[in-house]
Amino acid sequence: MSGQSAESLAAQARAAEDGAVDEALALVNEARAADGRGAGGAGVPGAAGSGDGRSGRAGSGTGRPGPERGSAERSRRTEPATSTCHTDHPDQPDPTRHSAPSDQRAGSRHQAVSWSAARAVAGRAGRAAAARRGTAAERRVPLDRALGLTLAEPLAALSDLPSFDTSAMDGWVVAGPGPWDVRAEGILAGQDRPEPLSDGEAVQIATGARVPRDATAVIRSEHGRTDDKGRLFALGDVGHGQDIRPRGQECRSGDQLLPAGALVTPAVLGLAAAAGYDELLTVARPRVEVFILGDELLTEGLPREGLIRDALGPMLPAWLRALGAEVTSVRRLGDDPKALLKAVRASDADLIVTTGGTASGPVDHVHPTLSRVDAELLVDGVAVRPGHPMLLARTKEGQHLVGLPGNPLAAVSGLLTLAEPLLRMLAGRPEQEPYTVPLQGAVHGHPHDTRLVPVVVRGEDAVPLRYNGPAMLRGIAAADGLAVVAPGGAKAGREVEILDLPWSWNPAGDDGGDASVERRFT
């Protein structure tokens, strides 16, 4: 794939992280000082009044998962692509309108931090919370429950692989030079310690069967023939050790197969079983509660009479599980500030995720709730489109809250900006190396903020998708990932970073490991 190398991008990201965190914290502390609060105080209601975030409400539409990028060539969507991200939808920001920077808009009570700074702050918060959890977060689980978890210790081989010399093919195992007299009974896989062969002898053998002591080679079935006297003749040269897998060919007992922090994939499960494991020491999934806010949301049927379908309630739990979380409950709290305050105070989750209510509208209750629980605002607005009024707060020791805008694509932006770095650290998952792909078409940009634009990857290029307004899910449902577009936009051929969507398989099994997820109205 063309573009900067993963090593180069990773080095740049590491070099910029400390500066990004300092920038974010300086902006937050400056805003607190302006509001008359101390550095450790909670935020007050207020967010940049951008129509882009649509922070109060969840829009209509449903999401469906698509495959994760595994290579440039992949299964493709039927979603039509276009070379531009411009739409005429009223929720789509006008790329030609040069408004004031987000931290200077009238009515703003805080300064939005840059997208990279916000991700760095979230990652730093997750790293600190993970350190606090320590070994208390480690769980020894059977193999059939380890899928999607992270190894808490290196995976070391408990035996040689293979543990004895085995046949790599169906055929005959022979000793000495030919022709060979073939024994009547063959050797099947699973038989222990077959009789040794003498020079000039052969016996039929199955793939995976144990090779007799002093055997010379295995002759594949298609590479030998027998005559009417039961003698075996090779149809070509026979090399010593041919088609025999010697003991310890793959590893020796005690060899490290995978480091701590490796994600348990189906292949890892197979390797662990082959190496002798029945259980694995893993990092427990961080526990997440989801609070759906808004009186206008329907849970079934068609939109009607000013009411709309809730798209985030069905989408967020699956997305969070794909990010490594255990979703313990999804609660619909409406626009009830007392219910929200009670729910936040009662939660024992590692992370609370709220939807909507993060701006300064008449029913936006997240900031007042954070103030009442004496939370510490870490990020209060991000210079990104969609999703500007997202926030991150530390509600108490060992617990954080991510406030997502109510519009569906804006909520996805908040998930990948704030929730993903935090959950990745808590779950002990490895950080993905950043990579870039050239754009096949131009993308309009915001004059001051980063844009996250749904794309499909075709060949070596990223193709921007239509339907990328903050209330839309049609584009992201067909996407391979999100392109990170710098302020001002990007021309065709420009290299842009791609954020992969976190699924190609459900890492927690058919029910996501959360078959007992609590869903209730309050």
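Residue indices follow the written sequence of each chain, beginning from 1 at its first position. Per-residue local features of the predicted model are confined to residues with pLDDT of at least 70, and side-chain atom pairs are confined, for both listing and counting, to 80 or more; whole-chain, interface and lining totals are unaffected and use all residues. Calculation of side-chain values draws on the structure's entire complement of heavy atoms; hydrogens and water are dropped beforehand.

A. Representation of the environment of Thr395. Secondary-structure assignment places Thr395 in strand E22 (residues 391-396). For Thr395 and Leu370, which are 25 residues apart along the polypeptide, the C-alpha to C-alpha distance reads 7.1 Å. In what follows, residue pairs with any heavy atoms lying within 4.5 Å of each other are defined as contacts. With sequence-adjacent residues up to four places away left out, Thr395 is seen in contact with Leu370, Val373, Ala375, His400 and Leu401. In the analysis that follows, any N or O atom pair within 3.5 Å is treated as a polar contact, provided that within protein one partner can donate a hydrogen and the other can accept it, and provided that, for residues neighboring in sequence, both atoms belong to side chains. Here the side chain of Thr395 touches Gln399 through a polar contact of 2.6 Å, side chain to side chain. Comment: elements are numbered from the N terminus, with helices defined as DSSP H or I runs of at least four residues and strands as E runs of at least two.

B. Summary view of the sheet that holds strand E14 (residues 279-283). Judged by pairing direction, the sheet is antiparallel, and its three strands sit side by side in the order E2-E14-E3 without closing on themselves. In this open sheet, the two edge strands, each paired with only one partner strand, are strand E2 (138-142) and strand E3 (150-151). In this description, strands pair whenever DSSP reports at least two bridges between them.

C. Structural view of the side chain of Arg429. Of note, Arg429 is situated in the loop between helix H7 (408-427) and strand E24 (436-438). One buried charged residue, Arg429, forms no salt bridge at all, with the nearest opposite charge on Glu420 at 7.4 Å. Of note is the side chain of Arg429, whose polar atom sits 3.1 Å from the backbone oxygen of Gly148. A polar contact is formed between the side chain of Arg429 and the backbone oxygen of Ala322, at a distance of 3.1 Å. For the exposure calls, accessible area comes from a 1.4 Å probe over protein chains only, and a residue counts as buried if that area is under 20% of its type's maximum, exposed if over 50%, partly exposed in between. We treat Lys and Arg as the positive residues and Asp and Glu as the negative residues; His and chain ends play no part in the count. The salt bridge definition used is simple: a Lys or Arg side-chain nitrogen within 4 Å of an Asp or Glu carboxyl oxygen.

D. Representation of the side chain of Arg133. Relative to the assigned elements, Arg133 resides in helix H2 (residues 115-133). Not counting residues within four places of it along the chain, the set of residues in contact with Arg133 comprises Ala284, Arg285, Pro286, Asp350 and Leu426.

E. Quick look at the nonpolar core. Val290, Trp319, Leu320 and Leu392 are the most contacted members of the largest nonpolar core, which totals 54 residues. No other element matches H7, which puts 10 residues into this core. Excluding residues within four positions of it along the chain, Leu392 makes contact with Val121, Ala122, Glu376, Leu377, Leu378, Val379, His400, Leu401, Val402, Leu418 and Leu422. By nonpolar core is meant a set of buried Ala, Val, Leu, Ile, Met, Phe, Trp, Tyr and Cys residues that side-chain atoms within 4.5 Å join together.

F. Representation of the packing of H2 against H7 within the structure. The angle between two axes is taken between their N-to-C directions and runs from 0 to 180 degrees, where each axis is a line fitted to C-alpha atoms and a helix contributes only its stretch in contact. Packing of H2 against H7 brings their axes to within 7 Å, and their N-to-C directions diverge by 25°. It follows that H2 is roughly parallel to H7 by the angle criterion. Crossing hand, H2 versus H7: right-handed. Of the residues in H7, those touching H2 at Trp115, Ala118, Arg119, Ala122, Gly123, Ala125, Gly126, Arg127, Ala129, Ala130 and Arg133 are Leu416, Thr417, Leu418, Glu420, Pro421, Leu422, Arg424, Met425 and Leu426. Following the grouping adopted for this structure description, the nonpolar residues are Ala, Val, Leu, Ile, Met, Phe, Trp, Tyr, Cys and Pro, the charged ones are Asp, Glu, Lys and Arg, and the polar ones are all others, Gly among them. Grouping the amino acids of the contact of H2 with H7 by side-chain chemistry returns 12 nonpolar, three polar and five charged. Orientation categories follow fixed angle ranges, with anything under 35 degrees roughly parallel, anything over 145 roughly antiparallel, 65 to 115 roughly perpendicular, and all other angles oblique. In a left-handed crossing the near helix is turned counterclockwise from the far helix by less than a right angle, and in a right-handed crossing that turn is clockwise.

The analysis is restricted to geometry; functional conclusions fall outside its scope.
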